[in-house]
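# Understanding the architecture of this molecule
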Amino acid sequence: MDRFIRAVAVTVVSAALAVVFASCSAMPKTQVHEKMEIQQSRGEVTKNDFFKGLGDIEQDENLYSILEDGDVYSVDAVLYFYNPDTNKLEPEKRTINLQKTDQILEVVINQFLHGPKVKKLKHVVSPKVTLQKVERYGNVVGVYLSKEFLESEDIAIARAALVNTILESQEAKYVKIYVEGRELTHNGKDDGQILGLLTKYPNDVEQIRSRELELTSQGDVKYIKREIYFQDRERRFLVPEIRDIPVSQGKYVEAIVGELIKGPVNGNEGLYSTIPSGTQLVDVKFVKDADSSKGVELYFSKEFKLSFNKEANSETLMVGSLVYSLTGLPGVDWIRIYYQDENGEYVNTPVVSMGLNRRFDKDSLPFQLGKRIKIYFSDKDAMNLVPEYRIISRDSKDIANEILNELIEGPSQEGHMAVIPSNISVGDIKAYVSGQTAFVNLPSKFNASRLGSTGEIMALYAIVNSLTDPVNTDNVRQIQFLVDGKVTHEFGHMSLADPFVRNPELIKE
């Protein structure tokens, strides 16, 4: 028990120091409603009655000032550029002001592309480069750049500076770089070494060059860290799994498809095979179509159809897993699929109903990409918070409320205990995100006093740690709890007057 009290004390003190409310001016109620309507119009709030009764309660200066401050907020970023005097990549620290609708990653990368402000530092990326798109999924940041990136004076140094900038600014583990939609190779050419997912580089340029030499001088078997795609349990989404893939004699396609056939490694994270059991990849052919696009033809054994199980497999996700795992590789803009019939002849007729007599790329079918969210429940001893994973759409605009609903639904793994009272139904707890703050509105029937001090800690920090987990969001840093739309000083044994921040000490992985 002492452990929990200490944890709460440290967190509440930290949150109190982080935000000072007393001097903030109040916001008119109409502005509060306007903010909520704007976010709802973007699909980020699920119901009109987000804060039930908010229009009828007395004006609360703390709540309105937090919402007002959330419009513009500052983040500290570290950008890496080259110092010719030291022959190293060196950091340039900046404070960046963001609107609440800004995407942190896009702003940071664009500032990097514009170059250094410190005179002694030199930009290593071509000044003509433009950022086309940024994706964040789990621990991976995908960066899509224009072809001018290949005009950089030294692609390896430019790549290292970009990767270090992203990983310094974000709680991510990997970066994947695309140029004009294709994965960047070590030399920027189709015959170059495939890089896969990139981790942080050393800042010393000589060490970077040594790392490049190791990459290109590996033996017959090379390892690339890469995401491959499987389906979720309900067969709704394609979800990536990251693994080290051994590649023999440059046969990337064969290696990746082989890993897909093996199936997911982390079975407890809700991923399932897409390729029917017993299927073998018999042959691979690289081809060029009349429109000059390049692709790969895959030839599978007869089990591709004979072992297909309608209860476990999905035609769309089976094709989709191959498309998303392979396209983007050098020379693979699209794929075609063939399999052996009962006579051993290769055919591209439907396995069930979907025609295979065409080429497939990421735009050819409405493959629904999913993402894992990480949510926390209590262990059986009520001593720690333990994680479980759920799968939601990668395009979800309302992740905060999806997380809350999953918490209300309760755990699925043995030995994990629910943290939300049983009288709370899906939709009873709602969230609204403004800047770096998530407002979580608890209904009065949550009744904290019945939970006991330990139960309160587990319930509140399950919400806090789930909403602030970097796997789930990259911008939420603190949680302001409300009860029936009001900032509440007393909530069972705890005060909800100040925002809560993440408490990793309660987590047991």
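Shown above is the structure to which this text applies.
In this text the structure is predicted, and so the values were computed from the model without any measurement.

## Concerning the pattern of salt bridges
Oppositely charged side chains can form a pair if their charged atoms are brought close together. In this structure the tally under the stated criterion is 27 salt bridges. Of the charged contacts, one joins Arg-226 and Glu-183 as a salt bridge, the two residues approaching to 2.6 Å between their closest N and O atoms. Of the two residues, Arg-226 is situated in strand 7 (residues 221-232) and Glu-183 in strand 6 (residues 182-183); the sequence distance between them amounts to 43 residues. Overall, Glu-183 belongs to the buried group, its relative accessible area being 7%. Between Arg-390 and Glu-406 there is a salt bridge; the shortest N-O distance is 3.1 Å. One end of the pair, Arg-390, is in strand 15 (residues 385-393); the other, Glu-406, is in helix 10 (residues 399-409), and 16 residues separate them in sequence.

## Let's talk about the nonpolar core
Of all hydrophobic cores here, the largest spans 47 residues; its most connected members are Val-143 and Phe-149. Of all the elements in the fold, those that place two or more residues in this core are strand 1 (72-83), strand 2 (88-99), helix 4 (104-114), strand 3 (131-137), strand 4 (140-145), helix 5 (155-169), strand 5 (174-179) and helix 6 (205-216). Broken down by element, the residue count for this core peaks at nine residues, all from helix 5. Those residues in contact with Phe-149, other than ones at most four positions away along the chain, are Val-125, Val-129, Ile-155, Ala-158, Arg-159, Val-179 and Leu-184. The next biggest cluster of nonpolar side chains, apart from the first, holds 44 residues, and it includes Tyr-229, Phe-237, Ile-275 and Ile-335.

## Details of the environment of Leu-105
Locating Leu-105 in the fold gives a position in helix 4. In this view, Leu-105 contacts Val-134, Arg-136, Val-141, Ile-166, Gln-170 and Asp-474; residues no more than four positions away in its chain are not counted.

## Describing the side chain of Ser-393
As for its position among the elements, Ser-393 is in strand 15. Separated by 3.0 Å, the side chains of Ser-393 and Gln-368 make a polar contact. Of note is the side chain of Ser-393, whose polar atom sits 3.1 Å from the backbone nitrogen of Asp-395. For Ser-393, the residues in contact, after removing those within four places along its chain, are Phe-237, Gln-368, Leu-369, Gly-370 and Lys-371.

## Some points on the sheet that holds strand 19 (residues 478-483)
Strand order across the open sheet formed by four strands is 17-18-19-20, with mixed pairing between neighbours. Here the strands that pair on one side only, and so sit at the sheet edges, are strand 17 (430-434) and strand 20 (500-501). Across six bridges, the pairing between strand 18 (residues 437-442) and strand 19 is parallel. If you follow Ala-438 over to strand 19, its bridge partner there is Ile-479. Strands in contact with helix 10 are strand 17 and strand 18; relative to strand 17, the strand with the most contacts, it is inclined by about 150°. With respect to the sheet, helix 11 (residues 452-468) is in contact with strand 18, strand 19 and strand 20, its orientation differing from that of strand 19 by roughly 135°.

## Looking at helix 6
The terminal C-alpha atoms of helix 6 lie 17 Å apart, and with 12 residues this matches the ideal 16 Å at 1.5 Å per residue to within 8%. Within helix 6, burial applies to Val-205, Ile-208, Glu-212 and Leu-215. Buried residues along helix 6 cover an arc of 70° about the axis, so they all sit on one side. Opposite the buried face of helix 6, at more than 90 degrees from it, the exposed residues are Leu-213 and Glu-214. For helix 6, the N-terminal capping position is held by Asp-204, with its side-chain oxygen 2.9 Å away from the main-chain nitrogen of Glu-206.

## Regarding the side chain of Gln-478
Take Gln-478: it is sitting in strand 19. A distance of 2.8 Å separates polar atoms of two side chains, one belonging to Gln-478 and the other to Thr-437.

## Focus: the sheet that holds strand 10 (residues 281-288)
What the four strands build is an open sheet, ordered 10-11-12-13; its pairing is mixed. This sheet does not close on itself; its edge strands, each paired only once, are strand 10 and strand 13 (346-347). Its contacts with the sheet put helix 7 (residues 252-262) on strand 10 and strand 11 (294-300), and the angle it makes with strand 10 is roughly 135°. Lying over the sheet, helix 9 (residues 315-326) contacts strand 11 and strand 12 (334-340), oriented at roughly 135° with respect to strand 12.

## Some points on the packing of helix 7 against helix 9
Between helix 7 and helix 9, whose axes approach to 10 Å, the crossing angle comes to 140°. Looking at the two axes, helix 7 sits oblique to helix 9. Judged by the sense of rotation from one axis to the other, the crossing of helix 7 with helix 9 is right-handed. Across the interface between the two elements, Val-253, Ile-256, Val-257 and Leu-260 of helix 7 pack against Ser-321, Leu-322, Ser-325 and Leu-326 of helix 9.

## Some details on the pairing of strand 4
Of all six residues that make up strand 4, six are buried, and the element is covered over most of its length. Direction of pairing for strand 3 relative to strand 4: antiparallel, over a ladder of six bridges. Within strand 4, the position partnered with Lys-133 by the bridge is Tyr-144. Where strand 3 folds back on strand 4, the antiparallel hairpin that results is connected by two residues, among which Gly-138 adopts a positive phi of roughly 60°. In this fold, strand 4 hands off to helix 5, which returns the chain to strand 5; that crossover is right-handed.

## Some details on the packing of aromatic side chains
Within the structure shown, the criterion is met by 11 aromatic pairs. Both rings, one in Phe-81 and one in Phe-112, keep their centres 5.6 Å apart while their planes meet at 15°; by these two values the pair is stacked. Here Phe-112 lies in helix 4 and Phe-81 lies in strand 1, a separation of 31 residues in the sequence. For Phe-112, a relative accessible area of 0% puts it in the buried group. Judged by centre distance (4.3 Å) and plane angle (0°), the rings of Tyr-144 and Tyr-178 are stacked. On the criterion of sequence distance, the pair formed by Tyr-144 in strand 4 and Tyr-178 in strand 5 is long-range, its members being 34 residues apart.

What counts as what
- Residues numbered from 1 in each chain as written.
- Predicted model: local features only at pLDDT ≥ 70, side-chain atom pairs only at ≥ 80, totals over all residues.
- Heavy atoms only, no water.
- Salt bridge = Lys/Arg side-chain N within 4 Å of Asp/Glu carboxyl O.
- Helix = DSSP H or I, 4+ residues; strand = E, 2+ residues; numbered from the N terminus.
- Buried < 20%, exposed > 50% of the residue type's maximum accessible area, 1.4 Å probe, protein only.
- Core = buried A, V, L, I, M, F, W, Y, C linked by side-chain atoms within 4.5 Å.
- Contact = heavy atoms within 4.5 Å.
- Polar contact = N/O pair within 3.5 Å; in protein donor to acceptor, adjacent residues only side chain to side chain.
- Pairing = 2+ DSSP bridges.
- Axes fitted to C-alpha atoms, helices over the stretch in contact; angles between N-to-C directions.
- Expected span 1.5 Å × (residues − 1).
- Arc of directions from axis to C-beta.
- Parallel < 35°, antiparallel > 145°, perpendicular 65-115°, else oblique.
- Left-handed = near helix turned anticlockwise from the far one by under 90°.
- Right-handed = clockwise from strand over helix to strand, strands pointing away.
- Phe/Tyr/Trp six-rings, centres within 6.5 Å; stacked < 30°, edge-to-face > 60°.

In short, shape yes, function no, at least from these values alone.
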